[in-house]
Amino acid sequence: MDLIIAILDKFPAVSSVFVITPDEAVAHACSNRTDAPPCPAHHLNQFYHNATRLIPESHEVCLSFGPTCVTLRPLPLNWVLAVQHQPDCSVSALDALHKAAQTLPKTDAQRADEAFSILTPDAVMAGALGAWLVPMMKLLEEVIEAPPQTLFQKALNEWIDREDPSFKGLHHFSDLIAAAITDTNKRSHYAEKAKGIFTSGEKTNKGKTTP
């Protein structure tokens, strides 16, 4: 952190530096100016990974928030370096901060949690929600009479983008699937049958029944 402070002293165009962990917590932060516009630190990790997922070749994402910019770069362990700076900030400042941030120490909690910050459809299916998602996928296959993987995964991606997947949100996910079924009768049939699945999921979440 001393090295980062020294870099900030050298480059006044840099306002603040954040190092964000996979759980979207700020592990390290240092401010260079008291009059800098507020930095939207919350969700910067999410912004970075969303952008790199859309543009896989990108290793740097620059966001503009009115009079201030935030440049995001990947770090080891799926950390993200977020540098708040003026638009005319030099690349050398970003490079120096990027190099320095890679040597920051890890806390015990960060050592234990090195998971990727963005959930993938496979990870959601393999988790606790799989007990209800798998039947919903089988139902979709029965209804559309075709392999359901593409449609189902697309809906999962949309669900992940909209909210954190949860038992309470199963009906939102079901709505996304239903909306993708073009045949009106099949859509209605799916919606009716799926309701029984995610309703049992809500009851199970309360510890009352099993799927």
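Shown above is the structure to which this text applies.
Residues numbered from 1 in each chain as written. Predicted model: local features only at pLDDT ≥ 70, side-chain atom pairs only at ≥ 80, totals over all residues. Heavy atoms only, no water.

### Observations concerning the environment of Val19
Mapped onto the secondary structure, Val19 falls in strand 1 (residues 14-20). Taking the relative accessible area as the measure of exposure, Val19 reaches 1% and is therefore buried. (Helix = DSSP H or I, 4+ residues; strand = E, 2+ residues; numbered from the N terminus. Buried < 20%, exposed > 50% of the residue type's maximum accessible area, 1.4 Å probe, protein only.)

### Considering the packing of aromatic side chains
The tally for this structure, following the rule as stated, stands at three aromatic pairs. Ring centres of Phe152 and Phe173 lie 5.1 Å apart, and the angle between their planes is 90°; on these two criteria the pair is classed as edge-to-face. On the criterion of sequence distance, the pair formed by Phe152 in helix 7 (residues 149-162) and Phe173 in helix 8 (residues 170-180) is long-range, its members being 21 residues apart. A relative accessible area of 0% places Phe173 in the buried class. (Phe/Tyr/Trp six-rings, centres within 6.5 Å; stacked < 30°, edge-to-face > 60°.)

### Things to note about the pairing of strand 4 (residues 68-74)
In terms of burial, strand 4 is a largely internal element, six of the seven residues being buried. In the sheet, strand 3 (residues 61-65) pairs with strand 4 via five bridges, with the strands oriented antiparallel. Each bridged residue has a counterpart across the sheet, and for Cys62 the counterpart in strand 4 is Thr71. Connecting the antiparallel pair strand 3 and strand 4 is a turn made up of two residues, with Gly66 showing a positive phi of about 65°. If you look at the hairpin formed by strand 4 and strand 5 (residues 80-85), you'll find five residues sitting between the two strands, and Leu77 has a positive phi there, around 70°. (Pairing = 2+ DSSP bridges.)

### Things to note about the nonpolar core
With 26 residues, the main nonpolar core has Leu133, Phe152, Phe173 and Tyr190 as its most contacted residues. Looking at this core, the elements with two or more residues in it are helix 6 (130-144), helix 7, helix 8 and helix 9 (184-205). Sort the elements by how many residues they give to this core and helix 6 lands first, with eight residues. Setting aside residues up to four positions removed in sequence, Tyr190 forms contacts with Met136, Leu139, Leu140, Val143, Ser174, Ile177, Ala178 and Ile181. Counting 20 residues, the second largest nonpolar core, distinct from the first, contains Leu8, Val19, Leu94 and Ala100. (Core = buried A, V, L, I, M, F, W, Y, C linked by side-chain atoms within 4.5 Å. Contact = heavy atoms within 4.5 Å.)

### Overview of the packing of helix 6 against helix 7
Close contact between helix 6 and helix 7 brings their axes to 10 Å; oriented N to C, the two are set at 135°. Here helix 6 is positioned oblique relative to helix 7, judged by the angle of their axes. Considering the relative orientation of helix 6 and helix 7, their crossing is right-handed. Contacts between helix 6 and helix 7 involve Leu133, Met136, Met137 and Leu140 on the former and, on the latter, Leu151, Phe152, Leu156 and Trp159. Here the contact of helix 6 with helix 7 is built from residues that sort into eight nonpolar, no polar and no charged. (Axes fitted to C-alpha atoms, helices over the stretch in contact; angles between N-to-C directions. Parallel < 35°, antiparallel > 145°, perpendicular 65-115°, else oblique. Left-handed = near helix turned anticlockwise from the far one by under 90°. Nonpolar A, V, L, I, M, F, W, Y, C, P; charged D, E, K, R; others polar.)

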